[in-house]
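Spelled out from the first residue to the last, the chains are:
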Amino acid sequence: MELTIVDNYQEMSERAAALVVAAVETKPAAVLGLATGSTPEGMYARLVKLSREGKVDFSRVTTFNLDEYAGLAPEHEQSYFYYMHHHLFNLINIGPEQINMPGCDLENVEQFCLEYDQRIAAAGGIDLQVLGIGGNGHIGFNEPGNQLRVSTHLVDLTEDTILANSRFFKAVEEVPRQAVTMGLGSIMLAGKIVLLASGKAKAEAIARTVCGLVTTEVPASFLQLHRDVTIIADREAAALIS
Ligand code: PGA
C-alpha cells in the first residue's frame, strides 16, 4: 500500500485527478471504476476542468460505477446515476454507451449482478478503481460484518450507513434500505486502486485500513492484499495512523 498524506481536501482531489488523467494518458481506452459520495466531488470538478482545457480525453474510456441505491429512479436527485451525470458525465466527452451503472429493477437483480461482473470482465477488467471509504470502513456498500461477498450483489445497508447518508435526504426514512454494490472480489480485480479520504470522521477507518488486521469488520482492510493501492488521505483522515 502506498500512503500519500496531503494537507487538505483540495490537494487530495488534485492528486486523485492526476492519477485518473495518467491512467487515461497511458491507455486512452482505459476502464475506470468510479465512486460517488462527498469525497470524490472535488476530483470530478478537477477532471471536468482538465477536460475543458483539453488536457484529458474521455472519448474512448469505459466506466463502471461501484454502487447504486436499489429502488431509486435514475432521475431521483440522490441516485448515483444522477450524481455521476451531474458531477461528471454531462460535463465531459463521454457517451451513454461508455457508462455502466449498477442500477436495475429489483425483480431482475440477481441476473443483473451476474451480468455486471461479466460486463466488467468483457471490457478487459478495471484499470483504475477510485474508492471512498465509509466511517465504518466500508468500500462501495460492502458493509462490516462477519462475512463479505465476492461479486456484485444486493446488500442491506447498515444503520450507520443509512444515518451517514441521510444528510442528503429530507428525512432518514427516505434513505433506501438496500443497494447494489460491486463485491470485494470485483474491486480487488482492478489493476490499480486509489482510495480517497478526507476529514477526521474517516481517521479511525483509515488507521484500521492501513495498520490493522485484515478483517471483515473493516472491509477496506482487504486492500492490504492488493498489489497496487494508493491511499490519498488528508492530514485529518491520516491523524490516527501510528
Ligand atoms: P463520503 O462517503 O465520500 O460521502 O464520505 C464515502 C463512503 O461512504 O464510501
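Source: prediction; values computed, not measured.

Here the focus is the overall build of the chain. For the chain, the count of helices and strands is seven helices and 10 strands. Judged by the C-alpha coordinates and their principal axes, the chain covers about 45 × 40 × 35 Å. Here the chain, with 242 residues, has 52% of them falling under the buried criterion. Of the contacts formed within the chain by residues at least 6 apart in sequence, a portion of 78% connects residues at least 24 apart. Counting only carbon and sulfur atoms, one obtains 51% of the accessible surface of the chain, whose full area is about 11,200 Å².

Residue position: G37 is located in the loop between β2 (31-34) and α2 (41-52). As a C-alpha pair, G37 and G134 span 97 residues in sequence and 9.6 Å in three-dimensional space.

This part covers α2. With 12 residues, α2 extends 17 Å between its outermost C-alpha atoms, agreeing within 8% with the 16 Å of an ideal straight helix rising 1.5 Å per residue. Taken residue by residue, α2 has G42, M43, Y44, L47, V48, L50 and S51 as its buried positions. Where α2 is buried, its residues meet α1 (9-26), β2, α3 (80-87), β6 (128-131) and β9 (192-197). G54 occupies a position one or two residues after α2 and carries a positive phi of about 75 degrees.

Within the fold, S13 resides in helix α1. With relative accessibility at 3%, the residue S13 sits in the buried group. Side-chain polar atoms of S13 contact the backbone oxygen of Y9, separated by 2.8 Å. Each residue touching S13, except ones within four places of it in the same chain, is listed here: G42 and M43.

Another aspect to go through is the pattern of salt bridges. Within the structure shown, the criterion is met by six salt bridges. A salt bridge links E11 to R15, with the nearest nitrogen and oxygen atoms 3.5 Å apart. Taken together, the positions of E11 and R15, both in helix α1 and four residues apart, correspond to about one turn of that helix. Where E53 meets K55, a salt bridge forms, and the shortest distance between an N and an O atom there is 3.0 Å. Given the relative accessible area of 38%, E53 is considered partly exposed. By sharing partners, the salt bridges in this structure join K49, E53 and K55 into a single network.

Bringing the site of the ligand into the picture now. Close to the ligand lie G37, S38, T39, G132, I133, G134, H138, R167 and K202. Here H138 contributes a side-chain N or O atom positioned 2.7 Å from an oxygen atom of the ligand. At 2.9 Å, a side-chain N or O of R167 approaches an oxygen atom of the ligand. Alone, the ligand offers 280 Å² of accessible surface; in the complex the protein occludes 82% of this. Among the residues forming the shell around the ligand, the class breakdown is one nonpolar, six polar and two charged.

The rules behind each value
Residues numbered from 1 in each chain as written. Predicted model: local features only at pLDDT ≥ 70, side-chain atom pairs only at ≥ 80, totals over all residues. Heavy atoms only, no water. Helix = DSSP H or I, 4+ residues; strand = E, 2+ residues; numbered from the N terminus. Buried < 20%, exposed > 50% of the residue type's maximum accessible area, 1.4 Å probe, protein only. Contact = heavy atoms within 4.5 Å. Areas by Shrake-Rupley, 256 points an atom, 1.4 Å probe, with all protein chains shown as cover. Expected span 1.5 Å × (residues − 1). Polar contact = N/O pair within 3.5 Å; in protein donor to acceptor, adjacent residues only side chain to side chain. Salt bridge = Lys/Arg side-chain N within 4 Å of Asp/Glu carboxyl O. Near = heavy atom within 4 Å. Nonpolar A, V, L, I, M, F, W, Y, C, P; charged D, E, K, R; others polar.

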